[in-house]
Protein chains: 2
Amino acid sequence: MPSPVGRSVGMIDADERVRGTVAYALNAELPGCLTGRILRSPHPHARLVRIDTARAEQLPGVIAILSRADIVDNPALYPYFGPVVRDQPVVALDKVRFVGDPVAAVAAVDDDTAQQALELIEVEYEPLPAVFDPEEALVPGAPILHETFPPQRGAMSADIVFNPSEGSNQLNHFKLRKGDVEAGFEQAHRIFEHTFRCPPVQHVPLEPHVAMALVEAGKVTVWSGTQTPHNIRAQLAEIFQLPLAQIRVIVHTLGGGYGSKCYTKLEPIGAVLAWKARRPVKIVLRREEDFLTVTKHQAVIHLRTGVDRDGRIVARKATNYFNAGAYADISPRLIKNGGYATAGPYRIPNVWVDSYAVYSNIVPAGAFRGYGVSQAAWAYESQMDMIAEALGYDPLEYRQMNVLHDGDTFATGEQVHDMHYRELLLADAQKAIDWRPGAEAWWQRASADGDRGAGSATVSHKRRGKAITCVIKGSVTPSTSSASCKLNEDGSLNVLTSSVEMGQGAKTVLAQLAAEAAGIPLEAITVSEPDTDSTPYDQQTSSSRTTYSMGTAVTLAVQDVKRQLVELAADQLEIGPDDLTCDEGTVRTRDGSRSLSYSDVVRRSRRGNLLGQGTFATSGGLDPETGQGIGSIHWHHAAAACEVEVDTETGKIEILRFHSSCFAGRVVNPRLAELQVEGSTLFGLGQSLFEEMLYDGGQLINANLSDYMIPSFKDLPGRLSVSVLEHPSAGEVHGIGETSVPPVMPCVANALYNAVGVRITELPLTPEKVLAGLARRSEAEA
Amino acid sequence: MPSPVGRSVGMIDADERVRGTVAYALNAELPGCLTGRILRSPHPHARLVRIDTARAEQLPGVIAILSRADIVDNPALYPYFGPVVRDQPVVALDKVRFVGDPVAAVAAVDDDTAQQALELIEVEYEPLPAVFDPEEALVPGAPILHETFPPQRGAMSADIVFNPSEGSNQLNHFKLRKGDVEAGFEQAHRIFEHTFRCPPVQHVPLEPHVAMALVEAGKVTVWSGTQTPHNIRAQLAEIFQLPLAQIRVIVHTLGGGYGSKCYTKLEPIGAVLAWKARRPVKIVLRREEDFLTVTKHQAVIHLRTGVDRDGRIVARKATNYFNAGAYADISPRLIKNGGYATAGPYRIPNVWVDSYAVYSNIVPAGAFRGYGVSQAAWAYESQMDMIAEALGYDPLEYRQMNVLHDGDTFATGEQVHDMHYRELLLADAQKAIDWRPGAEAWWQRASADGDRGAGSATVSHKRRGKAITCVIKGSVTPSTSSASCKLNEDGSLNVLTSSVEMGQGAKTVLAQLAAEAAGIPLEAITVSEPDTDSTPYDQQTSSSRTTYSMGTAVTLAVQDVKRQLVELAADQLEIGPDDLTCDEGTVRTRDGSRSLSYSDVVRRSRRGNLLGQGTFATSGGLDPETGQGIGSIHWHHAAAACEVEVDTETGKIEILRFHSSCFAGRVVNPRLAELQVEGSTLFGLGQSLFEEMLYDGGQLINANLSDYMIPSFKDLPGRLSVSVLEHPSAGEVHGIGETSVPPVMPCVANALYNAVGVRITELPLTPEKVLAGLARRSEAEA
């Protein structure tokens, strides 16, 4: 039987998806289920003076209204949640901290009634001064969002050092200290210093946040569109003060996640509302509420880079401000990834990073495809082209000169292995866009080619430019995945994992790995959805970790079953287990003379089924004072290359060609891997060109998909290509779910610069900014 | 921590049950779910000439109509099911075999539409001669129900010898041959020969049969109120020709089962209808349809018993005819249990049993609480009193003389152990009804006591009588149960089993056993419902096997986790595993100097959870030619005692006192155990007094709960008491779910005889039969 791994088999649930019948939590139903709606703060920062729900409670059809009165001083409930620090209340207690902060929730027999009830709840606020910018939020005298932290329950995540500043908005501070950065700068021939900014953006999964909850007989059951069922379970166990076994989190397929569905979001308010209503409650967010739930981190990155006479980077100092918004969510950890990433995939002997998570009065920021690395890469890959230009290098050549190779040392002090930047950049990216090596800057080429960029402009007011970028990204470390499996009497296999299928093909890929390990056809395998009562522990479906981490756990579980098969068959055939092989659905004597199918072995054993288990835990972590240690079990790497055409009259950037290439170790399903890279690229293009959450005094003013643009078919590159680089030497699969997002934005910005000489350091690259840049250039030239 | 075993803790789901919110399949919902309805045959036996669904298909709202056209010659479907022999088609193919046999099914948007569509389906039948009585069905020339059997798929159950007679209605024949029965009769001082009959009756669970199905993307998911999820899975895998892993059977709590929900019932028609509709379909039977789905076996038992001069039974020959109805269901196995049981709990050196399952044109019979033993006990316990009277023995004394004691040999040749009849009969039953020892028959006492029975009649036309009976019952053997468990990071435990909760308290009892094995509080444990994708194999929830068989599997699974806890803690504490103890949620060094909580161990291990598994398989089985071997891993035994008052003017029997006692080995939850025995007793009282499915030419004429009576509160005994006998020596738990049904019916009949001298040999003991008996007595005396 040829291995099912490495084949582009169709997604297991393709038929259901195409027919629109796949089971989303969005569509889940329960008998007697109520509709939940949330009343939200209209103020970015205010003290909560009074809440009166009396009139709303009178409304026929209203079953329960949840407000702080239900949870303050209620010994049955611990009212806070948050994956690192419990700083977010189920509903606002003393004050509200952003426009959209939940203040109360209604459970009613239908949506209209719930909506009407929201309008009948009277809330009196005392507005407080607010702050929205992370750097301003750190200025002494800035309004403080969290004067104190509530008493914490439960353990912090082992890999997060959490050091909030009392009486400050500084939520956390990640430090990286490699080499002697001051000495590095002293040695430097030239020093480059720039600041880069990127705005908060939205994940926009097609399925909004949804949670349905039932609290009954000492047991809490939640159906949630979450990427982190076990985290939800732990947080609900804290809130309800119940054993983990009494919290059941069931996750159907998600209609997209992209990080937005990591960690507790709707589940606490939904479950506590169901507890009060004593009936099941389902909450589905409107799109505008999704905008008010979680975002990518706005960031400001100050980057100081010193290079030697040959252009080699000798020192880098980065100061990163990640705007956490009103609550911590995963910011305390994200600034670590977004911190060490600022060194980029380059050999830099001396690195100093201060990466800050800062509270402010905007929507909380959380995990977002790229996880801090996009913000860092936006800075360092923009700056790489700026340095290359200043030093007179071709940007590609300049990257090759500095990029990490096997045996080099990354910013975290780790020696890196299995590095393939040369291949990604040269063999792949360069070829895909016909990159013409050479160090000419855009204006040099413009004159040399008769006003043509690296390509050729079709009409005189359009200019073309190209760029190539590359990035490095880690995966959450340490990390634990556990899987089990059940070999049935007919030799078919049920694989149980808590990995979340969200359109990325997790089920399909895990089935392929199980099929390979078991030696049985893919059709004889089912992979579960998460149900924390029955599927084993998994840390999270995020961080591009599932194929590698859960894939390994599944393989171990199948091997556990095969070990049992061999032991049982040895008894049944009266032969030593070492004289047996186990593959292709059959246990055979090594001499080939006798064999039993898996089915024969299970039936003869009279055990009904064989149960296997596997757990895969990686170790690692960084020293809190130096950021040195093991940052990631694998280092994901990707490159991007593009050609743009810039309309100098409208400022509009058109992407003519875009190529993303990503290293994947061993590829389980080439087509699905390519689709991941394609999807990441489109994510990056939206963020490059127009995605941006716009606030006016803390009020989000484009919280809908008319005013907030995501890429449509019309925004696709003229030619979009991807390559997923497989390396036989790798052996192991590497995650690729998000590695191709971060290189996109600087690639487009660098190509823009290459085309028209306009350098933009704040995303997105809007026509207005391009035109303003062109105007500045004209002024400077004039 | 005191063991949670042996405590009458409340049912885990008591709150949900009381509030009516417990999740029954009846209430399950799926988005876009259609209503399924079944068109049924009006003829007891007919050839199917033509089915025209065209008009029905035109009806707006009708999505799919399933008839034989969809499944005949369809290579995608194997159209038969049945737990032993696949003789029952999904819908009728060539002919119909009972009034109610499914002919077609409609899936429509609502119930009214489905009902209307049924009326628009045109069916042309060619009526065939029918046969309803099992003995008549075996007469040469009787109409044959199954001329041939379809080609069989899959394995027969290992413990069933299946030997149908070609061209006959004889479905199966169980033989038991112990000793030399003819020689026994030759030695006998007296021989007693009687025939006993009992009618088909209904199980009447409050929740009717229900199945909801979804067939999509090569996977079949069925929500069913079934006691046998793994059997359903296997049968659907055959029908759809899919691997077992692609069939998912989910079972919520059942609103009662009593055997009626064993093996495939609605699931095939529901799933194939959903397959055709390409949408989920839910079928809920009306009560009258439940009557047409499965029944207890009507039976005729000819019993010939020889006794020696001292009254010791020396030979017994039984010829049992069990009316299987139109399809085999589990009849081929049931006649085995109903066969060997005919020897009763008595030492009989020579036993010959022929037990037949016979097809006839009535509703198929299947598992029913008591499983064949009720029919057998009805015969042998009635006859025991008849023999005792004839020999001049007190019935209790006569039973004690013959009953099995430790070391005796049962009819199957097994030496029995742990027999407690003496205690059940003497210490318990006798005391409960103030049984007055002595051999006087009713009329002797009547004269001696001045026309008073064993008690005293309140008015002259009422007579009182007493009786004591006892039975033996096996549990399905061989048998396999598998369980797994998941110890969470906080030391709480999720137990996964496929045992079905149907109000009997399975979840509670399994949680108690898990809590004891783990040494953690009951509140930290959750027990799953069956989901064949994730919960391990279990043979069935029936045969009073769950507490013992699954309880043992659960204990083994917990022990597996404890073994891992000790191993991990040994590493963590750097000590040998043998120097550690593991209990009360803590791993401790034997010297008590150091300890880690389970939670500490799991957290330190960084495995996320520990997964344990346990499988418990019993062996045994009977030789097909002699019925000798191992019939049951445990022999369940029970006794009943009652006092009745008979109104000689109306013929009505009133139960003044009823006591049931049952041996339970080790009792896990005394209150739940008592409730099982109480419930069994009421089951038996209904069957004693009035339960009976009445047919007129194959037409069931009382298929509703107005005409078919089950006991109401007014029918309760004046005093109902139970005792669950625990024996420290037993160690193991014994099943008690149904053992107390079979002794009831003969107990009431014997008490009736004791009161008024009327012997009725055909159930139920209706006033009409009592009056007719009294009239016959008067005539005889006159």
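1. Quick word on the interface of chain B and chain A
Line of reasoning, step 1. In this assembly, 55 residues from chain B lie in contact with 55 residues from chain A.
Line of reasoning, step 2. Both sides of the chain B and chain A interface together cover about 4,300 Å² of buried area, and 45% of this is carbon and sulfur.
Line of reasoning, step 3. With a closest N to O distance of 3.2 Å, E216 of chain B and R19 of chain A form a salt bridge.
Line of reasoning, step 4. Of all the elements in the fold, those that place two or more residues in the side of chain B that touches chain A are helix 1 (14-19), helix 7 (229-240), strand 19 (479-487), strand 20 (493-496), strand 21 (525-527) and strand 25 (610-618) of chain B.

2. Quick word on the pairing of strand 12 (residues 219-224) of chain A
All names here are of chain A.
Line of reasoning, step 1. Counting buried positions along strand 12 gives 6 out of 6 residues, so the element sits mostly inside the fold.
Line of reasoning, step 2. Taking every second residue as pointing to the same face, both faces of strand 12 are buried, with K219, T221 and W223 on one and V220, V222 and S224 on the other.
Line of reasoning, step 3. Pairing between strand 11 (residues 210-216) and strand 12: 6 bridges, direction antiparallel. Paired with V215 across the two strands is V220, which belongs to strand 12.
Line of reasoning, step 4. Inspection of the sheet shows strand 12 paired to strand 13 (residues 247-250) by 4 bridges, in the parallel sense. Bridging across to strand 13, V220 finds its partner in I247.

3. Remarks on the sheet that holds strand 7 (residues 102-108) of chain B
Residues and elements named next belong to chain B.
Line of reasoning, step 1. Here 7 strands make up an open sheet; going across it, the order is 3-7-1-14-11-12-13 and the pairing mixed. Taken across any chain shown, the strands that pair with only one partner, and hence form the sheet edges, are strand 3 (62-66) and strand 13 (247-250). For this sheet the average axis-to-axis angle between neighbouring strands, irrespective of direction, equals 20 degrees.
Line of reasoning, step 2. Bridge count between strand 1 (residues 34-40) and strand 7: 6 bridges; the pairing is antiparallel. Across the sheet, residue L39 finds its bridge partner in strand 7, namely A104.
Line of reasoning, step 3. Along the sheet, helix 7 makes contact with strand 11 (210-216), strand 12 (219-224) and strand 13, crossing strand 13 at roughly 150 degrees.

4. Considerations on the sheet that holds strand 23 (residues 586-589) of chain A
Whether parallel or antiparallel, the strands of a sheet pair through hydrogen bonds between backbone atoms.
Residues and elements named next belong to chain A.
Line of reasoning, step 1. The 3 strands lie next to each other as 22-23-24, forming an open sheet whose pairing is antiparallel. Of all the strands in the sheet, the pair left with one neighbour each is strand 22 (580-583) and strand 24 (595-597). The mean inter-strand angle of the sheet, taken between neighbouring strand axes irrespective of direction, is 15 degrees.
Line of reasoning, step 2. Relative to strand 23, strand 22 runs antiparallel, the two sharing 4 bridges.

5. As for the domain arrangement of chain A
Residues and elements named next belong to chain A.
Line of reasoning, step 1. As assigned here, chain A comprises domain 1 (31-128 + 219-281), domain 2 (394-412 + 428-473 + 634-781) and domain 3 (479-617).
Line of reasoning, step 2. Once you take the C-alpha centre of each, domain 1 and domain 2 turn out to be 40 Å apart.
Line of reasoning, step 3. Contacts between the two partners involve 4 residues from domain 1, matched on the other side by 4 residues from domain 2.
Line of reasoning, step 4. Where domain 1 abuts domain 2, roughly 290 Å² becomes buried across the two surfaces, and 63% of that area is made up of carbon and sulfur atoms.
Line of reasoning, step 5. The largest share of the area that domain 1 buries against domain 2 comes from P44, V99 and Y258, three residues that together contribute 88% of it.
Line of reasoning, step 6. For the interface between domain 1 and domain 2, the tally reads 0 salt bridges.
Line of reasoning, step 7. Taken together, the connections running from domain 1 to domain 2 amount to 1 residue pair in polar contact (both at pLDDT 80 or more).
Line of reasoning, step 8. When the residues that make up the side of domain 1 that touches domain 2 are grouped by side-chain class, the tally is 4 nonpolar, no polar and no charged.

6. Brief notes about the environment of G407 of chain A
All names here are of chain A.
Line of reasoning, step 1. Turning to its location among the elements, G407 is positioned in the loop between helix 12 (395-402) and helix 13 (421-432).
Line of reasoning, step 2. The spacing of G407 and D418 is 11 residues in sequence and 8.9 Å in space, taken between C-alpha atoms.
Line of reasoning, step 3. Apart from residues lying up to four places away in sequence, G407 is in contact with Q415 and V416.

7. Topic: the packing of aromatic side chains
Residue and element names in this part refer to chain A.
Line of reasoning, step 1. Under the defined criterion, the tally for this structure stands at 26 aromatic pairs over all chains.
Line of reasoning, step 2. Taking 6.4 Å as the distance between ring centres and 40 degrees as the angle between the ring planes, the aromatic pair formed by F149 and Y359 counts as tilted. You can see F149 sitting in the loop between helix 5 (134-137) and strand 9 (170-178) and its partner Y359 sitting in strand 17 (residues 350-359), a full 210 residues away along the chain.
Line of reasoning, step 3. The exposure class assigned to Y359 is buried, which follows from its relative accessible area of 1%.
Line of reasoning, step 4. Through pairs of rings, three or more aromatic residues link up here, namely Y258, F368 and F683.
Line of reasoning, step 5. For R369, the ring lying beneath its charged end belongs to F683, and the centroid distance is 5.0 Å.

Conventions we followed
Position numbers for residues count from 1 along each chain, tracking the sequence in the order it is written. Chain letters start at A and ligand numbers start at 1, both assigned in the order the entries are written. For a predicted model such as this one, the threshold for reporting local features is a pLDDT of at least 70, and the threshold for listing and counting side-chain atom pairs is 80 or more; totals across whole chains, interfaces and linings nevertheless cover every residue. Computation of side-chain values covers all heavy atoms of the structure but excludes hydrogens and water. Throughout, a residue-residue contact means that at least one pair of heavy atoms, one from each residue, lies within 4.5 Å. For any pair of parts, buried area is found by adding up, for both, the accessible area (1.4 Å probe) each one loses once the two are put together. Any carboxyl oxygen of Asp or Glu that lies within 4 Å of a side-chain nitrogen of Lys or Arg is treated as forming a salt bridge with it. Every helix listed is a DSSP run of H or I at least four residues long, and every strand listed is a run of E at least two residues long, numbered separately from the N terminus. Exposure classes here rest on a 1.4 Å probe applied to the protein chains alone. A residue is buried below 20% of its type maximum, exposed above 50%, and partly exposed in between. By the convention used here, strands pair only if DSSP detects at least 2 bridges between them. Angles run from 0 to 180 degrees between N-to-C directions of axes, and those axes are lines fitted to C-alpha atoms, restricted for helices to the stretch in contact. Each domain span listed reflects an automatic or database assignment of domains. As used in this structure description, the phrase polar contact means that two N or O atoms lie within 3.5 Å; if the pair is within protein, one of them must be able to donate a hydrogen and the other to accept it, and residues adjacent in sequence are counted only when both atoms belong to side chains. Amino acids outside the nonpolar list (Ala, Val, Leu, Ile, Met, Phe, Trp, Tyr, Cys, Pro) and the charged list (Asp, Glu, Lys, Arg) are all regarded as polar, and Gly is one of them. In this analysis, rings of Phe, Tyr and Trp, with Trp reduced to its six-membered ring, are considered paired at centre separations within 6.5 Å, and the interplanar angle assigns stacked below 30 degrees, edge-to-face beyond 60, and tilted for intermediate values. Placement of a positive charge over a ring is assigned whenever Lys NZ or Arg CZ falls within 6 Å of the ring centre and within 35 degrees of the normal to the ring plane.

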